[in-house]
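# A closer look at the structure
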Amino acid sequence: MAGYSEPSFLLFSMEHMAAIGVLCLSILLLFILRRRWSVSSKYERLFALTLLVMEVFYHVWMIVTGRWGFSDSLPLELCSISLLVAIVLLWTGNRHLYDFIFFAGIGGALQAMATPVLDVGFPHFRYFHFFYTHIGIIITALYFTWMKEYRPTFIGII
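Overview of the structure.

Each value, and the rule that gives it
Residues numbered from 1 in each chain as written. Predicted model: local features only at pLDDT ≥ 70, side-chain atom pairs only at ≥ 80, totals over all residues. Heavy atoms only, no water. Core = buried A, V, L, I, M, F, W, Y, C linked by side-chain atoms within 4.5 Å. Buried < 20%, exposed > 50% of the residue type's maximum accessible area, 1.4 Å probe, protein only. Helix = DSSP H or I, 4+ residues; strand = E, 2+ residues; numbered from the N terminus. Contact = heavy atoms within 4.5 Å. Axes fitted to C-alpha atoms, helices over the stretch in contact; angles between N-to-C directions. Parallel < 35°, antiparallel > 145°, perpendicular 65-115°, else oblique. Nonpolar A, V, L, I, M, F, W, Y, C, P; charged D, E, K, R; others polar. Expected span 1.5 Å × (residues − 1). Bend = angle between axes of the 7 residues up to and from the residue. Polar contact = N/O pair within 3.5 Å; in protein donor to acceptor, adjacent residues only side chain to side chain.

## What about the nonpolar core?
Within soluble globular proteins, side chains that are nonpolar generally end up buried alongside one another. Ranked by size, the top nonpolar core spans 34 residues in total, and within it Phe-131 and Phe-144 carry the most contacts. Mapped onto this core, the elements with two or more residues apiece are α1 (14–32), α2 (41–64), α4 (78–92), α5 (95–114) and α6 (125–146). Once residues within four sequence positions are removed from consideration, Phe-131 is found in contact with Phe-9, His-16, Ala-19, Met-113, Pro-116 and Leu-118.

What follows is the structure, given as structure tokens:
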């Protein structure tokens, strides 16, 4: 489309602060509802599926726009690995995966939320993908902590 330019992302802009606000609100609601809300495994799997679909769409978008490459598109970064582990954790409930999501997932995703590396901003698909998946990693870890009562272990740090 002639004349179209992708929106740029600005650190600590209104769009960035809105995403951080959504994260804070999500955490607060999860904490408040932790004793009143019982979620079945079908909703855990639905959430896992939405995270997976977002990641698949992201890779399709990169291929279509010519941005996909082996050097920077394989899921080898901490948050990419954490996202895949979070999806499997939501699907299976495997306690061994929880420690990784709790320590590496929360730490990596919080860092990414605070200082995102994005070349496009709101309302671009990549903006929504980036913040949805990083919020999803954090919410998954806190969900299993507060709702399912999983607890991190010392061995999990290793």
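That was the structure; now back to the text.
## Side note on the packing of α1 against α5
When two helices pack together, their arrangement is given by the angle between the helix axes and by the axis-to-axis distance. Relative orientation of the contacting elements α1 and α5 amounts to 150 degrees, with a least axis distance of 10 Å. In terms of orientation, α1 and α5 fall into the roughly antiparallel class. Note on element contacts: α5 touches α1 through Leu-110, Met-113 and Ala-114, opposite His-16, Ala-19, Ile-20 and Leu-23. Here the residues of the contact of α1 with α5 sort into 6 nonpolar, 1 polar and no charged.

## Quick word on α5
With 20 residues, α5 extends 28 Å between its outermost C-alpha atoms, agreeing within 8% with the 28 Å of an ideal straight helix rising 1.5 Å per residue. Ile-101 marks the point of greatest bend in α5, at about 35 degrees. All of the buried residues in α5 are Tyr-98, Asp-99, Ile-101, Ala-104, Gly-105, Ile-106, Gly-108, Ala-109, Ala-112 and Met-113. The inward-facing, buried residues of α5 abut α1, α4, α6 and α7 (154–157). Of the residues flanking the start of α5, the one acting as N-cap is Asn-94, its side-chain oxygen 2.8 Å from the backbone nitrogen of His-96.

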